[in-house]
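# Examination of the molecular architecture
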Amino acid sequence: QKFSLQFYALEGDYYASAVMQFGKSSAKKLTPKNTRKGTELDHAVNAKPCRGRNSNDRSKEILVADAGNQLHLISKDQKVLWDVSLPGAIQGDVFQVAMLKNGKLQYAFVTAGQLHVIDRLGRYLAGYPKAVSMTDAVFTSLVDYDKSRNYRVLMANNAGQIVCNGSRNDTMH
């Protein structure tokens, strides 16, 4: 009576899963032998996942936000390393960047009116979140005009407004 088929790509690998249900209580899940078990979250994902690297061992990790405004860091073994509550949905992209100029990587992203920078242990950097002037950003980018690692956040909304928060005197570091 019911059939569901899902194909997806993750880190260069392709996966498929199928669910078929016959009658009221008979359900069988078919999964190919070469697939890995995924990570289950309490809510649906509502932002583009960010592929990142662990600063210590260079292993892959994924940062993902869900519809419950929870941010999750998922290890290469598909284990949730930590969860952080957010004040709202992520607007635009998530970026992995070395804000402290010490070789360690952090995650930067925007929610309505706020710029967030979180380290790979799930802790906010000092001074974050910071206020930003746009509350309805759809597109975001980090800009380093002079390659000094003094980043600015560039935001745009559907109304065609473009805002760059941060100047020489107001950078993200």
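So, here's what we can say about the structure. Quick caveat: nothing in here was measured; it's all calculated off a predicted structure. (Residues numbered from 1 in each chain as written. Predicted model: local features only at pLDDT ≥ 70, side-chain atom pairs only at ≥ 80, totals over all residues. Heavy atoms only, no water.)

Together, F3, L5 and F7 give the surface a local cluster of nonpolar side chains, amounting to about 370 Å² of exposed area. Looking at where F7 falls in the secondary structure, it is placed in strand 1 (residues 2-10). (Patch = residues over 30% accessible without salt bridge, like charges linked within 9 Å, V, L, I, M, F, W, Y side chains within 5 Å. Areas by Shrake-Rupley, 256 points an atom, 1.4 Å probe, with all protein chains shown as cover. Salt bridge = Lys/Arg side-chain N within 4 Å of Asp/Glu carboxyl O. Helix = DSSP H or I, 4+ residues; strand = E, 2+ residues; numbered from the N terminus.)

What follows deals with the sheet that holds strand 12 (residues 139-143). Within the open sheet, the three strands sit side by side as 12-13-14. Their pairing is antiparallel. Edge positions in the sheet fall to strand 12 and strand 14 (162-165), since each has one partner strand and no second. On average, each strand axis in the sheet is inclined to that of its neighbour by 20 degrees, with strand direction left out of account. Relative to strand 14, strand 13 (residues 152-156) is paired through four bridges, and the arrangement is antiparallel. Its bridge partner being in strand 14, V153 is matched across the sheet by N165. (Pairing = 2+ DSSP bridges. Axes fitted to C-alpha atoms, helices over the stretch in contact; angles between N-to-C directions.)

Among the secondary structure elements, T140 is positioned in strand 12. A residue is classified by how much of its surface remains accessible, and T140, at 9% relative accessible area, is buried. A distance of 2.9 Å separates a polar atom in the side chain of T140 from the backbone nitrogen of D93. Aside from chain neighbours lying at most four places away, what touches T140 is Q91, G92, D93, F95, V110, L154 and M155. (Buried < 20%, exposed > 50% of the residue type's maximum accessible area, 1.4 Å probe, protein only. Polar contact = N/O pair within 3.5 Å; in protein donor to acceptor, adjacent residues only side chain to side chain. Contact = heavy atoms within 4.5 Å.)

Of all the six residues making up strand 10 (residues 114-119), five are buried; the element is thus mostly covered by neighbouring parts of the structure. The pairing of strand 9 (residues 106-111) with strand 10 spans six bridges and is antiparallel. The residue of strand 10 that forms the bridge with F109 is H116. In this antiparallel pair of consecutive strands, strand 9 and strand 10, the connection spans two residues, and G113 shows a positive phi of 80 degrees. For strand 10 and strand 11 (residues 130-131), the ladder comprises two bridges, and the chain directions are antiparallel. Counterpart to Q114 in the pairing with strand 11 is A131.

Our focus in this paragraph is the environment of D77. By the secondary structure assignment, D77 is in the loop between strand 6 (70-74) and strand 7 (80-85). Sequence separation between D77 and E61 is 16 residues; the distance between their C-alpha atoms is 8.7 Å.

Attention now goes to the sheet that holds strand 7. The strands making up a sheet associate through hydrogen bonds between their backbones, and the pairing can be parallel or antiparallel. Within the open sheet, the four strands sit side by side as 4-5-6-7. Their pairing is antiparallel. Only two strands of the sheet have a single neighbouring strand rather than two, namely strand 4 (50-53) and strand 7. Looking at each pair of strands side by side, their axes are set apart by 20 degrees on average, direction ignored.

Membership of the largest hydrophobic core comes to 15 residues, with the highest contact counts inside it found for M99, V153 and M155. For this core, the elements supplying multiple residues, two or more each, are strand 9, strand 10 and strand 13. Residues contacting M155, with those up to four places away along its chain left out, are V110, V132, M134, A137, F139, T140, Q161, I162, V163 and N165. Counting 14 residues, the second largest nonpolar core, distinct from the first, contains C50, L71, F109 and I118. (Core = buried A, V, L, I, M, F, W, Y, C linked by side-chain atoms within 4.5 Å.)

What follows is about the side chain of N150. Note that N150 resides in the loop between strand 12 and strand 13. On the accessibility criterion, N150 (17% relative accessible area) is buried. For N150, the side chain forms a polar contact with the side chain of S148, separated by 3.1 Å.

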